[in-house]
Amino acid sequence: MPSPAFSRLGSNQEPFEFHATFAHLEEGLSILHKSVDALRDATGRRFGDRPLMLFETALAEIGGNVLTHGRPPGTKRPIEFDLRCDDGTVVALLSDSGPPAHAHLSNQMPSHTSEAGRGIAMARRLLDELGYERDGEVNRWRLVKKL
Amino acid sequence: MALEVLTRQTDNGVSVIAPTGRLDVAGAPALKDAISEVVKDGPPRVVIDMGGVSFVDSTGLGSVISALKQIRGGQGELRLAAPNQQVRVVLELTTLDRVFPYYATVEDALTGF
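The following paragraphs examine the structure supplied in this document. (Residues numbered from 1 in each chain as written. Chains lettered and ligands numbered in written order. Predicted model: local features only at pLDDT ≥ 70, side-chain atom pairs only at ≥ 80, totals over all residues.)

Turning to the overall build of chain A, a few remarks are in order. Each helix and strand counted, chain A has three helices and six strands in total. Sequence-ordered secondary structure for chain A, helices as α and strands as β, is β-β-α-α-β-β-α-β-β. Taking 147 residues into account, the globule formula puts the C-alpha radius of gyration at 15 Å, and chain A, at 15 Å, falls close to it. In terms of overall dimensions, chain A has C-alpha extents of about 40 × 35 × 25 Å along its principal axes. (Helix = DSSP H or I, 4+ residues; strand = E, 2+ residues; numbered from the N terminus. Rg over C-alpha atoms; globule rule 2.2 N^0.38 Å.)

Given below as structure tokens:
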């Protein structure tokens, strides 16, 4: 079961926080987009705000990868997702139980005819920082963008 | 929102495929299925009406590339119409705007097609 929760702490100067766990593709993607909608509302940004749209695009790329590859058969641990925005910088954390992802981090943009393999290259270009670490059996992703 | 895909035929035989929702890793298979149906019937001229697509990711984009390859492989032609700002940004970021001619409206895409 998903457990989304967010706090809007009263004014745009205070941190925005959102937390959720999820296990299924469509459910997870919907929660990721809803978290950005909630951030947009909390910060008073208009629909189509470019920095937030670029961040949402990167979040969907990494989130889609995590949801697709991060729960091998038999995995009980759900995907963990945290979103925080403070002082104009948004940070998303995602963790999953998939295989190590080091080999994909430096993926370059493939040729025009390739149907796959653009996600991480896109996210790197869209964000100010894309962090990754392997923590035991867990992948931890950190996405940072100044809005 | 799951992707819904409607296909219609214009009077001069152009297939207009209209996905609605997010064209992403969850929605891409529905567009691929619709393209496969159109390609079965001979050299296709296809407009993908992106006006109802709220968001695209790299997998959704991959389904459009797959469509282009299938359609050109069948001696057909593909045009994209009415992409929103986010779709245009993704096309430009990936430089696929050089591959896909896109038009502001479906009517523009159908003109002279």
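Back to the write-up after that little detour.
Accessible area lost on assembly of the parts is the figure often given for the size of an interface. If you look at the interface, chain A gives 19 residues, while chain B gives 20 residues. Of all the elements in the fold, those that place two or more residues in the side of chain A that touches chain B are helix 1 (25-43), helix 2 (50-69) and helix 3 (119-126) of chain A. Here the side of chain A that touches chain B gets six residues from one element, more than from any other, and that element is helix 2 of chain A. Of the residues that constitute the side of chain A that touches chain B, the class distribution is seven nonpolar, seven polar and five charged. (Contact = placed C-beta atoms within 7 Å. Nonpolar A, V, L, I, M, F, W, Y, C, P; charged D, E, K, R; others polar.)

All names here are of chain A. Here helix 2 crosses helix 3 at 150°, and the two axes come no closer than 9 Å. The orientation of helix 2 relative to helix 3 falls into the category roughly antiparallel. With respect to the hand of their crossing, helix 2 and helix 3 are arranged in left-handed fashion. Contacts between helix 2 and helix 3 involve Leu54, Thr57, Ala58, Glu61, Ile62, Gly64 and Asn65 from the former and Gly119, Met122, Ala123 and Leu126 from the latter. A breakdown of the residues in the contact of helix 2 with helix 3 according to their chemical character gives six nonpolar, four polar and one charged. (Axes fitted to C-alpha atoms, helices over the stretch in contact; angles between N-to-C directions. Parallel < 35°, antiparallel > 145°, perpendicular 65-115°, else oblique. Left-handed = near helix turned anticlockwise from the far one by under 90°.)

Taken by themselves, the reported measurements are silent on function.
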